[in-house]
Amino acid sequence: MSKFKHLFSPMKVGTHTYKNRIIAAPIYCGTFINVPNLDYVMKHAMKERADGGTAQVTIGETAVNFRGASREPLPPIDYADFNDPSMAKFKELSDYIKSRGAKCLIELSHCGESVEPIPGVEFGVGPMGYTREDGMIIYAMDEKMMNDTIQDFITASKFMKEAGMDGVMIHCGHGWLLHQFLSPRTNRRNDQFGGSLENRARFPLMLLKAVREAMGRDFIIEIRVSGEESMGESGMHIDETAEFCKMAQKYVDLIHVSVGVYRNPILSGEFSSLFQPHGLNSRASGAIKAAVDVPVVVVGGINDPKMADEMIASGECDFVALARQLTADPYFPQKAENGQEDDISPCVRCFKCFPGPLEGVDITQMHLIYGCTVNPSEFCYDFDLLESKPEKSKKVLIVGGGVAGMTAAVTAHDRGHQVTLADNRSQLGGVLFFTDTDYYKNDLKRFKNVLINRIQKRNITVLLNHQVTPEEIQKGDYDHIILALGASPVTPPIRGIRYAHQALDFYRGIKPEGKNILMIGGGLVGCETALDMARQGYHVNVIEMGEKVAPDSYPMHRIGLLHEMDQLIQYHCSLKCQEIKKNSVICENREHRLFELSGDSIFYALGMRANEDVVRNLSAASTVPVSVIGDCRKAAKVYEAGRQGWEAAMKL
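Fair warning: this is a prediction, and the values are worked out from it, not measured in the lab.

Rules of the game
- Residues numbered from 1 in each chain as written.
- Predicted model: local features only at pLDDT ≥ 70, side-chain atom pairs only at ≥ 80, totals over all residues.
- Heavy atoms only, no water.
- Helix = DSSP H or I, 4+ residues; strand = E, 2+ residues; numbered from the N terminus.
- Rg over C-alpha atoms; globule rule 2.2 N^0.38 Å.
- Buried < 20%, exposed > 50% of the residue type's maximum accessible area, 1.4 Å probe, protein only.
- Areas by Shrake-Rupley, 256 points an atom, 1.4 Å probe, with all protein chains shown as cover.
- Lys, Arg positive; Asp, Glu negative; His and termini not counted.
- Charge placed at Lys NZ, Arg CZ, Asp CG, Glu CD.
- Pairing = 2+ DSSP bridges.
- Axes fitted to C-alpha atoms, helices over the stretch in contact; angles between N-to-C directions.
- Expected span 1.5 Å × (residues − 1).
- Arc of directions from axis to C-beta.
- Contact = heavy atoms within 4.5 Å.
- Polar contact = N/O pair within 3.5 Å; in protein donor to acceptor, adjacent residues only side chain to side chain.
- Salt bridge = Lys/Arg side-chain N within 4 Å of Asp/Glu carboxyl O.
- Patch = residues over 30% accessible without salt bridge, like charges linked within 9 Å, V, L, I, M, F, W, Y side chains within 5 Å.
- Phe/Tyr/Trp six-rings, centres within 6.5 Å; stacked < 30°, edge-to-face > 60°.
- Lys NZ or Arg CZ within 6 Å of the ring centre and 35° of its normal.
- Disulfide = S-S within 2.5 Å.

Caption draft 1: Representation of the overall build of the protein within the structure. When helices and strands are counted, the protein shows 20 helices and 28 strands. Here the C-alpha radius of gyration of the protein, 27 Å, is about what a compact globule of 652 residues would show, namely 26 Å. Taken over the C-alpha atoms alone, the protein extends approximately 75 × 65 × 50 Å along its principal axes. Out of the 652 residues belonging to the protein, those deemed buried represent 61%. Carbon and sulfur atoms form 49% of the exposed surface of the protein, whose accessible area is close to 26,200 Å². Distance from the positive charge centre (72 side chains) to the negative charge centre (81 side chains) of the protein: 3 Å.

Written out as structure tokens, the structure is:
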């Protein structure tokens, strides 16, 4: 018996029984199934979610037509033709998912007035008629258009049922068509489909009723709603959302509670950032659960089984839905049920897996953009590498115990190699030592500790406080050397630099003098360190030479970062640091004027430099193949370190 008894108890949903309370939230687009290579990535992710023990796997956003319901130039599906090539592909995927004891659903959507000007789309539809700023004409839907759209949802649902799906999720949130009708912000009609909530809900309810009647009671219908629109007073709020759910419950089996809108995904909370609390939608789901009699699902920043179990126990929801967390670790359910929660890679909400909206992205290049900081196999297009097996067991020396080195060590061990991991520090973790005290980095700290735990539970020889020398490599009986030696902070040739501390020194115990700090360097490290300083009560000014702060952060993360910075610190762009004094910095602005900023203490974060000299010396001493990974190859982010460590070990 799992200690998470609520999370792993079965529950009746319509005429179906779910084996536990964990649902794989919709992710990826169903139409990816017709895109070469991307279809493999999508199917691999869905199958792993089923293997990992979820009760339901939900394939992501799939337009019900390709005349204006889709916002992406993806290959269309002819839902009226059961011989459409995608039918067999969906059937193969749904069969696999169901063979693992999970229900298989797909999210059906219509983007309405948020349509993109893609080939074949000349106009959009919505509750209101107008011309958008980009020139796209949006027509107010009449009843014929509504009935046509209802038929599109029915036709798509029948196609998915034929493909073996247990049901569909109908998207009624995030600012898509049905939500556009529900929200007073976007629906200002003065006919029977506008005004009161009863009128605004009329078309969505017509659609749900028609789909239920067409599909029967054994077909699962789940709806996704935004509990709070989070778009100001004119938007839709939880009281109206709960009331709509009461109206809809006679037609649906599950109500899935999210929040926000796609066109403002971070600040509205649709995608929670690391600056927001975990489980941020639980209040909304609790309000809806109190209003309805059907099971309620909640999504949003849930990455811990203990929290998930407590949310169900408290009555805030019946199911938890995990999206990015199952990208981070698709085996979350299995590990939680088996008492291995200390081996779950937590989602760190960094937005590497979703740097920004898909519009304008070349889908053939997605593997170069998307990934997962804590799961290096995600978005891997090297299918041969994913399925490869080593020819023989090798003796491997890995030098460096940061993310790159630890990931390489675990992967190499699990592939049957004999691994020695050496580090000149007293503990593993490398530069992630700072997460032990950083206010915002608890999830990254958990990930660091998961890697350390994996090392400790394996038969890996670990040498701490051990400086590997060229002589040791020459004498060692190794088949392969992996160097993961990290990087060192750049110390710039600024006059008076001796008066300043490197940013990470703050985490090494260097306490600022006084409460006013100047941070030179507004890249990601400088900004995030400054925020942590502010959380500890310091007043921080960030000085950035470029035109904007944090240009090296993932776009979606940057939105949340700037929102937090605006509340807690001050920052100045286009300022070049000319001289550092004991309690001030002399800067030059873009007009070449000099002025002085004062502070009690001065720190700097001006980049990292790969430890190339050490790499060169150790590589030269080796008579066996050497792989260079992580920051000692090129200073970068945690994602690159983990991915390179995994790839190096997979190629052994």
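Caption draft 2: Region of the structure containing the sheet that holds strand E25 (residues 594–598). Strand order in the open sheet formed by three strands is E23-E24-E25, with antiparallel pairing between adjacent strands. Each edge of the sheet is formed by a strand with only one pairing partner; in this case those strands are strand E23 (576–581) and E25. Averaged over all neighbouring strand pairs, the angle between strand axes comes to 25°, with direction disregarded. With five bridges joining them, E23 and strand E24 (residues 584–588) adopt antiparallel strand pairing. Of the residues in E24, the one forming a bridge with lysine 581 is serine 584.

Caption draft 3: Inspection of helix H2 (residues 85–99) at higher detail. When the terminal C-alpha atoms of H2 are compared, their 22 Å separation across 15 residues agrees well with the 21 Å that a helix rising 1.5 Å per residue should span. Those residues of H2 not exposed but buried are Ser86, Met87, Phe90, Leu93, Ser94 and Ile97. Projected onto a plane normal to the axis of H2, the buried residues spread over an arc of 140° and lie on a single side. Of the exposed residues in H2, the ones pointing more than 90 degrees away from its buried face are Pro85 and Ala88. Contacts from the buried residues of H2 go to helix H1 (38–51), strand E4 (56–63), strand E5 (103–109) and helix H3 (143–162). A positive phi of about 85° marks glycine 101, the residue just after H2.

Caption draft 4: How the structure looks around the side chain of arginine 189. Take arginine 189: it is sitting in the loop between helix H4 (177–182) and helix H5 (197–200). Residue arginine 189 is classed as buried on the basis of its relative accessible area, which comes to 14%. Among the polar contacts made by the side chain of arginine 189, one reaches the main-chain carbonyl oxygen of proline 127 at a distance of 3.1 Å. Here the side chain of arginine 189 touches methionine 141 through a polar contact of 2.9 Å, landing on its backbone oxygen. Look past the residues within four positions of arginine 189 in its chain and what remains in contact with it is Gly126, Pro127, Met128, Ala140, Met141, Met146, Phe181, Gly194 and Gly195.

Caption draft 5: Broad picture of the side chain of glutamine 644. Following the sequence through the fold, glutamine 644 ends up in helix H20 (residues 638–650). Glutamine 644 gets classed as buried once you look at its relative accessible area, which sits at 15%. Beyond its immediate sequence surroundings of up to four residues, glutamine 644 is in contact with Ile629, Gly630 and Arg633.

Caption draft 6: Quick look at the pattern of salt bridges. According to the stated counting rule, one finds 35 salt bridges in the structure shown. Where arginine 283 meets glutamate 228, a salt bridge forms, and the shortest distance between an N and an O atom there is 3.5 Å. Note that arginine 283 is positioned in helix H8 (residues 282–291) and glutamate 228 in the loop between strand E10 (220–226) and helix H7 (238–248), a separation of 55 residues in sequence. On the basis of relative accessible area, glutamate 228 is assigned to the buried category, the value being 15%. Between arginine 458 and aspartate 414 there is a salt bridge, with its nearest N and O atoms 2.8 Å apart. With a gap of 44 residues between them, arginine 458 in the loop between helix H15 (442–456) and strand E16 (461–463) and aspartate 414 in helix H14 (residues 403–414) connect regions that are remote in the sequence. Judged by relative accessible area, which is 23%, arginine 458 ranks as partly exposed. Accessibility expressed as a relative area gives 47% for aspartate 414, which makes it partly exposed. Each member of the salt-bridge network shares a partner with another, and the members are Asp329, Lys335, Asp343 and Arg454.

Caption draft 7: Here's a closer look at a nonpolar patch on the surface. A cluster of nonpolar side chains, namely Phe123, Ile137 and Tyr139, defines an oily patch on the protein surface of about 270 Å² accessible area. Among the structural elements, isoleucine 137 can be located in strand E8 (residues 137–140). Taking the relative accessible area as the measure of exposure, isoleucine 137 reaches 37% and is therefore partly exposed.

Caption draft 8: Representation of the environment of alanine 323 in the model. Secondary-structure assignment places alanine 323 in the loop between strand E13 (319–322) and helix H10 (324–328). Taking C-alpha positions, alanine 323 is 6.7 Å from proline 26, a pair spaced 297 residues apart along the chain. Those residues within four positions of alanine 323 in sequence are excluded, and the remaining contacts are Ala25, Ile27 and Arg49.

Caption draft 9: A look at the packing of aromatic side chains. With the rule as written, the count across this model stands at 19 aromatic pairs. Each ring, one from tyrosine 28 and one from phenylalanine 32, has its centre 6.4 Å from the other, and the planes form 80°; the classification is edge-to-face. Ring centres of tyrosine 40 and phenylalanine 383 lie 3.9 Å apart, and the angle between their planes is 35°; on these two criteria the pair is classed as tilted. Residue tyrosine 40 is found in helix H1, and its partner phenylalanine 383 is found in helix H13 (residues 383–386); the two are separated by 343 residues along the sequence. Residue tyrosine 40 is classed as partly exposed on the basis of its relative accessible area, which comes to 24%. For phenylalanine 383, a relative accessible area of 18% corresponds to the buried category. A connected cluster of aromatic rings, assembled from ring pairs, spans Phe434, Phe506, Tyr507, Tyr538 and Phe603. Looking at arginine 71, its charged tip hangs above the ring of tyrosine 262, at a distance of 4.3 Å from the centre.

Caption draft 10: Representation of the sheet that holds strand E20 (residues 516–520). Spatial ordering of the open sheet is given by E19-E26-E20-E21-E22, a layout of five strands whose pairing is parallel. The sheet is open, and its two edges are formed by strand E19 (501–502) and strand E22 (570–572), each paired on a single side. With three bridges joining them, strand E21 (residues 539–543) and E22 adopt parallel strand pairing. Note on E22: the bridge partner recorded for valine 542 is tyrosine 571. Strand contacts of helix H17 (residues 524–535): E20, E21 and strand E26 (601–604), with the helix running at about 170° to E20, the strand carrying the most contacts.

Caption draft 11: Region of interest: the state of the cysteines. In total, this model carries zero disulfides according to the counting rule given. The closest cysteine sulfur to the non-disulfide-bonded cysteine 317 is located on cysteine 245, 14 Å from its own sulfur. With a relative accessible area of 1%, cysteine 317 lands in the buried category.

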